[in-house]
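# Survey of secondary and tertiary structure
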Amino acid sequence: MPDTTTAAPAGRTRLVSGPGLLLVWLYGVMVVGAVSRSAYQISTEFDRAPLAYALSAAAALAYAFITYSLVRGGETARRAALVCCAAELAGVLAVGVWTLVRPDSFPDATVWSQFGMGYLFIPVILPITGMLWLRKKR
Amino acid sequence: MLDALTVAISVAALALAAWCGHAAWRDQPTKDWHFIGMAVVTVLVLAQLVVGLVKLARGEKPDEGAVIFVAYLLGAFAAVPAAGMLSLTERTKWGSVTVAAGAVVLAVLEVRLYDIWGTTGA
């Protein structure tokens with residue numbers, strides 16, 4: 001009997017299987033980390049470090065969108081996630097360099113500061129493995 | 001009490017990570033025994049959550065603020081069960097890898113919790 005409630009529609013590539021399961025779990029961790037960090041920061045003391053807090057919020061959005069795309073599956077979601085992973089990697093590298101060169105711009109850390117050192121460097125490892133995985137699923 | 005629990009959970013989490021990592025290395029999915037291990041770790045984290053909230057209710061203050069402390073307590077509580085549920089949907093070694101990763105994240109969260117609580121809670 002076909003399972004119409006949980007199974008993805010025929011032809012939609014399932015992205016959450018094998019290594020993709022680990023990937024989606026780690027993205028889930030980063031969603032929780034980035035969303036709670038930016039929500040707390042922005043609601044309590046946004047004026048202290050608006051740049052850092054806005055960047056954390058942007059990171060939270062990227063993580064949430066990629067997680068949703070991975071869970072949804074399919075070719076369109078795969079491409080969208082690929083673009084977002086590239087943007088995420090660019091963000092991590094740019095913010096990482098930025099925090100090293102101009103630390104005075106950041107009175108408080110972001111999720112992506114020092115290439116994500118506060119988050120076990122997961123922020124810089126994730127987009128690379130994500131892109132490799134998404135390319136393989138083509 | 002809280003410090004002892006934090007240390008116990010870190011050790012248990014790393015043991016769980018090694019155990020599930022071993023299963024992944026042997027190309028095996030998580031089995032019943034692994035889920036019992038996850039349940040033990042989860043019970044410890046639940047105890048930590050309760051002890052943490054009771055300490056807050058008694059008026060003890062974490063160094064870095066109550067909101068962050070509770071956020072990390074909840075995150076630590078969710079880490080292993082979430083990975084365990086995912087591993088039920090993936091009956092391959094990747095399910096085991098995911099639980100191992102979840103346990104490592106839990107151990108790191110325990111270190112952060114220790115920092116956040118600070119020296120006030122002996």
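Everything numeric in this text was worked out from a predicted model, so none of it was measured. (Residues numbered from 1 in each chain as written. Chains lettered and ligands numbered in written order. Predicted model: local features only at pLDDT ≥ 70, side-chain atom pairs only at ≥ 80, totals over all residues. Heavy atoms only, no water.)

### Some points on the nonpolar core
Side chains of nonpolar character tend, in soluble globular proteins, to be buried together. How we decide: In these notes, a set of buried Ala, Val, Leu, Ile, Met, Phe, Trp, Tyr and Cys residues joined through side-chain atoms within 4.5 Å is what counts as a nonpolar core. With a 1.4 Å probe rolled over the protein chains alone, any residue whose accessible area is under 20% of its type maximum counts as buried; one over 50% counts as exposed, and the rest are partly exposed. To qualify as a helix, a DSSP run of H or I must reach at least 4 residues; to qualify as a strand, a run of E must reach at least 2; elements of each kind are numbered from the N terminus. We call two residues in contact when some of their heavy atoms are within 4.5 Å.
Counting residues in each nonpolar core, the largest one holds 65 residues, and the members touching the most others are A:Tyr27, A:Tyr63, A:Leu70, A:Leu126, B:Leu16 and B:Leu106. Contributions of two or more residues to this core are made by α1 (19–45), α2 (50–72), α3 (75–101) and α4 (122–136) of chain A together with α1 (2–25), α2 (32–57), α3 (66–89) and α4 (93–117) of chain B. Ranked by residues supplied to this core, first place goes to α4(B) with 11 residues. Residues within four places of B:Leu16 in sequence aside, it is in contact with B:His34, B:Gly37, B:Met38, B:Val41, B:Val80, B:Val99 and B:Ala103.

### A word on the packing of aromatic side chains
All names here are of chain A. Quick note on the threshold: Any Phe, Tyr or Trp ring, taking Trp's six-membered ring, that has another such ring centre within 6.5 Å forms a pair; planes under 30 degrees apart are called stacked, those over 60 apart edge-to-face, and the others tilted.
Overall, the coordinates contain four aromatic pairs over all chains when judged by the stated rule. The interplanar angle of 50 degrees and the centroid separation of 5.9 Å between the aromatic rings of Tyr27 and Tyr63 together place this pair among those described as tilted. Of the two residues, Tyr27 is situated in helix α1 and Tyr63 in helix α2; the sequence distance between them amounts to 36 residues. Of the residues examined, Tyr27 reaches a relative accessible area of 0% and is grouped as buried. With a relative accessible area of 0%, Tyr63 lands in the buried category. Ring geometry for Trp98 versus Phe106: centroids 5.4 Å apart, planes at 85 degrees, classification edge-to-face. Given the relative accessible area of 10%, Phe106 is considered buried.

### Details of the UniProt feature "transmembrane region" (unreviewed entry) in chain B
Residues and elements named next belong to chain B. Defined as follows: UniProt positions are given in the numbering used here, feature names are shortened, and annotations may be inferred rather than shown by experiment.
UniProt records the feature "transmembrane region" (unreviewed entry) for residues 33–54, 66–88 and 94–114 in the present numbering. Between the first and last C-alpha atoms of residues 66–88 the distance is 34 Å; the span itself is 100% helix and 0% strand. Span residues 94–114 is 100% helix and 0% strand, its end C-alpha atoms 30 Å apart.

### Points about the packing of α2(B) against α4(B)
Residue and element names in this part refer to chain B. Operational definition: Each axis is a line fitted through C-alpha atoms, taken for helices only over the stretch in contact, and angles between the N-to-C directions span 0 to 180 degrees. Any angle that is under 35 degrees is reported as roughly parallel, and any over 145 degrees as roughly antiparallel; angles of 65 to 115 degrees are reported as roughly perpendicular and all others as oblique. Crossing handedness follows the turn of the near helix against the far one: under a right angle anticlockwise gives a left-handed crossing, and clockwise gives a right-handed one. For this classification, Asp, Glu, Lys and Arg are treated as charged, while Ala, Val, Leu, Ile, Met, Phe, Trp, Tyr, Cys and Pro are nonpolar and the rest, including Gly, are polar.
For the pair α2 and α4, interaxial distance at closest approach is 13 Å and the crossing angle is 20 degrees. As far as their axial angle goes, α4 and α2 are roughly parallel. Between α2 and α4 lies a crossing of left-handed hand. Across the interface between the two elements, Met38, Val41, Val45, Gln48, Lys55 and Leu56 of α2 pack against Val99, Leu106, Glu110, Leu113 and Trp117 of α4. For the contact of α2 with α4, the class distribution of residues is eight nonpolar, one polar and two charged.

### What to know about the environment of B:Gly118
With respect to the helices and strands, B:Gly118 occurs in the segment after α4. Taking the C-alpha atoms as reference, B:Gly118 lies 5.2 Å from B:Asp63; in sequence the two are 55 residues apart.

### Here we look at the pattern of salt bridges
Oppositely charged side chains are able to pair whenever their charged atoms sit close together. All names here are of chain A. Quick note on the threshold: Criterion for a salt bridge: a side-chain nitrogen of Lys or Arg within 4 Å of a carboxyl oxygen of Asp or Glu.
Applying the stated criterion across every chain yields a total of eight salt bridges over all chains. For Asp108, the salt bridge goes to Arg37, with nearest N and O atoms at 4.0 Å. On the criterion of sequence distance, the pair formed by Asp108 in the loop between α3 and α4 and Arg37 in helix α1 is long-range, its members being 71 residues apart. With a shortest N-O distance of 3.5 Å, Asp108 and Arg48 are connected by a salt bridge. In this pair, Asp108 sits in the loop between α3 and α4 while Arg48 sits in the loop between α1 and α2, placing the two residues 60 residues apart along the sequence. Connected via shared salt-bridge partners are Arg37, Glu45, Arg48 and Asp108.

### Quick notes on the interface of chain B and chain A
Here is the rule we go by: Accessible area that two parts lose when put together, with a 1.4 Å probe and added across both, is what the buried area reports. Polar contact is defined as a pair of N or O atoms within 3.5 Å, subject to the rule that within protein one atom must be able to donate a hydrogen and the other to accept it, and that residues adjacent in sequence are counted only when both atoms are side-chain atoms.
Contacts between the two partners involve 17 residues from chain B and, on the opposite side, 11 residues from chain A. Carbon and sulfur atoms supply 82% of the area that chain B and chain A bury against each other, a total of about 1,200 Å² over both sides. Inspection of the chain B/chain A interface yields zero salt bridges. Seen at the junction of chain B and chain A, the total is one residue pair in polar contact (both at pLDDT 80 or more). Split into classes, the residues belonging to the side of chain B that touches chain A amount to 11 nonpolar, five polar and one charged.

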